[in-house]
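Take a look at the letters that make up each chain.
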Amino acid sequence: MAVSHFHRFYWGRWSVLHDPVPRAARGLAGAADRARHGPLSSPLSAQRKFVSFLEAVIRRGIVPALEARQASSPRTICLLLCLSATTMAEDGADGNPLLPRAALRSRCFCLPFKIPSPAASFRLKTSVWAELGGSVGDLGTYIPIVLALSLVNHLDLGTTLIFTGLYNAVTGLLFGLPMPVQPMKSIAAVAISESSAHLSVPQIMAAGISTAAVLLFLGSTGLMSVLYRFIPLPVVRGVQLSQGLSFAFSAIKYIRYDQDFAAGKSLGPRPWLGLDGLILALSALLFVVLASGSGDDPPNQTPNPSIPHRSRISSSWIPAALLVFALGVALCFARDPSILADLKIGPSPIRIVRITWEDWKVGFLRAAIPQIPLSVLNSVIAVCKLATDLFPVRGHEVSATAVSVSVGAMNLVGCWFGAMPVCHGAGGLAGQYRFGGRSGASVLFLGVAKVSLGLLFGSSFVRMLSGFPIGILGVLLLFSGIELAMASRDMGDKEDSFVMLVCTAVSLTGSSAALGFGCGIALFLVLRLREVEWLRHLMPSTAAGTPAD
């Protein structure tokens, strides 16, 4: 009878095998609180011993409590290790390894993120024109990749527009930020590459589903949060800087040279005159600089008092990106009036993609393997850090778990119907912030536009995208890349800057964010070894310096 009572009282609260870790943490905190502030609900000696053990955990820590009590129960050890992994990043100055009770209450839910109300997520933080301008801030990367996949691999543009538009609306609701929906760039690069046979649509979808499954596993198990907490900031900044500079280099090529997205290469120099000439692109670039300057500083940065205040044109008054994009749409029809005749009214038929075993093998080996590290670094870790920098008040809402689960869920749904594999790119977030996006309303406007175009024109809309001036896309992409690269300007320490720049150089030279990330981690660990006491005695001291020449 007593054992049965003990089982009913505790098992529902502390079962590691069936309950999520936050629920177990809540049960532990509740038991310890009852032991401190009130009488026990049962006089059982076993119950008293267990609660006393929990008290020791809270007061002394995980490892000392295990050593003092000589706890050998596998279930107890597993429970405490899970609790430690959940709370180790929240250690305070007092060394307490458990979360404060307020933090525990905020984490005690089953979903990896809270679902806010639509009124809170879509509330305008600036003006509606600024949010509309921010909504087109990430199209500099979106349009070229979607256009290339549609022309080369026969991806259904109508289905992709509908699903990515729905993704935009849902992510705007969940995060309350201009969280972008970007193509998976490594998969797209492999799919349209001329060096080997082009990937078929089922193989592209297999690669997207495989990548999504890995990210969903990392997010749902909490491993992505562990990675985010322990990756050094200089390495993250190196990934952001390399990705931003890569976007900027591509943007310069779009502005200077004609592009063949179907072949994935640049053609001859762009002519100075014409409806897609160099003068047009430079004029759009000058207009954006005059209208928005270098962009707004994040709200957590204070102005430099040594710099005199200058009155500026508010970027919320002039939606520069929206006006430049509208100019590009108008030039589409001016360059080729036959586009109107080629547009067909009606959505594309949505079908389930049939994926064979061979498609799974080719898609995973050729496209998913290079995409997975890029998604982990740029689509999750870099996005979370950039969101914290740009939105410090609400940065806690964008967790690595939530972003990873979001990317996995999107592709596990849409890829089965032929929608392009997507992720949350740091460059897209930087671009939307650069042009005025401050809330979920920005991506909601973009999502409504995508769904409307997909339902109205279907796959025939590719005819209009193919006529969009590439120089104007280059202008939008240039500001997105520069905004992302400027996130690394907080590396004031020379050692941190050294790690960041090495990571950036390797990433750009090897065209692999994973390679740069690995080199950055290795360099960071080597530099930390110099601080080990016993190793410092074996090495010549550098504190005294060298004699002057």
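On a predicted model such as this, the values are computed, not experimentally measured, just so you know. (Residues numbered from 1 in each chain as written. Predicted model: local features only at pLDDT ≥ 70, side-chain atom pairs only at ≥ 80, totals over all residues. Heavy atoms only, no water.)

### Examining the packing of helix α9 (residues 139-152) against helix α23 (residues 470-485)
Relative to each other, α9 and α23 sit at 130°, their axes nearing to 7 Å. It follows from the interaxial angle that α9 and α23 lie oblique. From α9, Leu-139, Gly-140, Thr-141, Ile-143 and Pro-144 reach across to α23, where they touch Leu-473, Leu-476 and Leu-477. Of the residues contributing to the contact of α9 with α23, the split by class is six nonpolar, two polar and no charged. (Axes fitted to C-alpha atoms, helices over the stretch in contact; angles between N-to-C directions. Helix = DSSP H or I, 4+ residues; strand = E, 2+ residues; numbered from the N terminus. Parallel < 35°, antiparallel > 145°, perpendicular 65-115°, else oblique. Contact = heavy atoms within 4.5 Å. Nonpolar A, V, L, I, M, F, W, Y, C, P; charged D, E, K, R; others polar.)

### Quick notes on the UniProt feature "transmembrane region" (unreviewed entry) in the protein chain
Under the UniProt annotation, "transmembrane region" (unreviewed entry) lies at residues 128-151, 157-177, 204-228, 273-293, 313-334, 443-462, 468-486 and 498-527. End-to-end, the C-alpha atoms of residues 128-151 are 34 Å apart, and along that stretch the chain is 88% helix and 0% strand. (UniProt positions renumbered as here; feature names shortened; annotations may be inferred.)

### Things to note about helix α15 (residues 278-292)
Compared with the 21 Å implied by 1.5 Å per residue over 15 residues, the 21 Å span of α15 between its first and last C-alpha is a close match. Residues Leu-278, Leu-280, Ala-281, Ala-284, Val-288, Ala-291 and Ser-292 constitute the buried set of α15. As for α15, its buried residues are in contact with α14 (233-256), α16 (320-335), α20 (426-434) and α23. Where α15 terminates, the next one or two residues include Gly-293, which has phi positive at roughly 65°. (Expected span 1.5 Å × (residues − 1). Buried < 20%, exposed > 50% of the residue type's maximum accessible area, 1.4 Å probe, protein only.)

### Let's talk about the environment of Asp-276
Structurally, Asp-276 is set in the loop between β3 (265-269) and α15. Since its relative accessible area comes to 13%, Asp-276 is described here as buried. Sequence separation between Asp-276 and Ile-472 is 196 residues; the distance between their C-alpha atoms is 8.0 Å. Beyond its immediate chain neighbours, meaning those up to four positions away, Asp-276 contacts Arg-270, Arg-335, Pro-469, Ile-470 and Gly-471. Side-chain polar atoms of Asp-276 contact the backbone nitrogen of Gly-471, separated by 3.3 Å. (Polar contact = N/O pair within 3.5 Å; in protein donor to acceptor, adjacent residues only side chain to side chain.)

### Examining the pattern of salt bridges
Enumeration according to the criterion identifies 11 salt bridges in this entry. Where Asp-389 meets Arg-237, a salt bridge forms, and the shortest distance between an N and an O atom there is 2.7 Å. Linking Asp-389 in helix α18 (residues 357-390) with Arg-237 in helix α14, this pair joins segments that are 152 residues apart in sequence. Grouping residues by exposure puts Asp-389 and Arg-237 together as buried. Where Arg-270 meets Asp-276, a salt bridge forms, and the shortest distance between an N and an O atom there is 3.0 Å. Of the two residues examined, Arg-270 and Asp-276, each falls in the buried class. Each of Arg-237, Lys-385, Asp-389 and Asp-490 takes part in salt bridges that share partners, so that together they form one network. (Salt bridge = Lys/Arg side-chain N within 4 Å of Asp/Glu carboxyl O.)

### Topic: the pairing of β3
With three bridges joining them, strand β2 (residues 257-260) and β3 adopt antiparallel strand pairing. By the bridge assignment, Asp-260 is partnered in β3 with Lys-265. In textbook terms, the turn of a hairpin is the stretch between consecutive antiparallel strands, and for β2 and β3 this stretch comprises four residues, one of which, Gly-264, has a positive phi near 70°. (Pairing = 2+ DSSP bridges.)

### A look at the packing of aromatic side chains
According to the stated counting rule, one finds eight aromatic pairs in the structure shown. Note on Tyr-254 and Phe-261: the rings are 5.5 Å apart at their centroids and 80° apart in plane angle, and the pair reads as edge-to-face. Its relative accessible area of 12% is what places Phe-261 among the buried residues. A network of ring pairs unites the aromatic residues Phe-163, Tyr-167 and Phe-417 as a single cluster. Sitting above the plane of the Tyr-433 ring, Arg-438 keeps its charged end 3.7 Å from the centroid. Lying across the ring of Phe-524, Arg-528 places its NZ or CZ 4.6 Å from the centre. (Phe/Tyr/Trp six-rings, centres within 6.5 Å; stacked < 30°, edge-to-face > 60°. Lys NZ or Arg CZ within 6 Å of the ring centre and 35° of its normal.)

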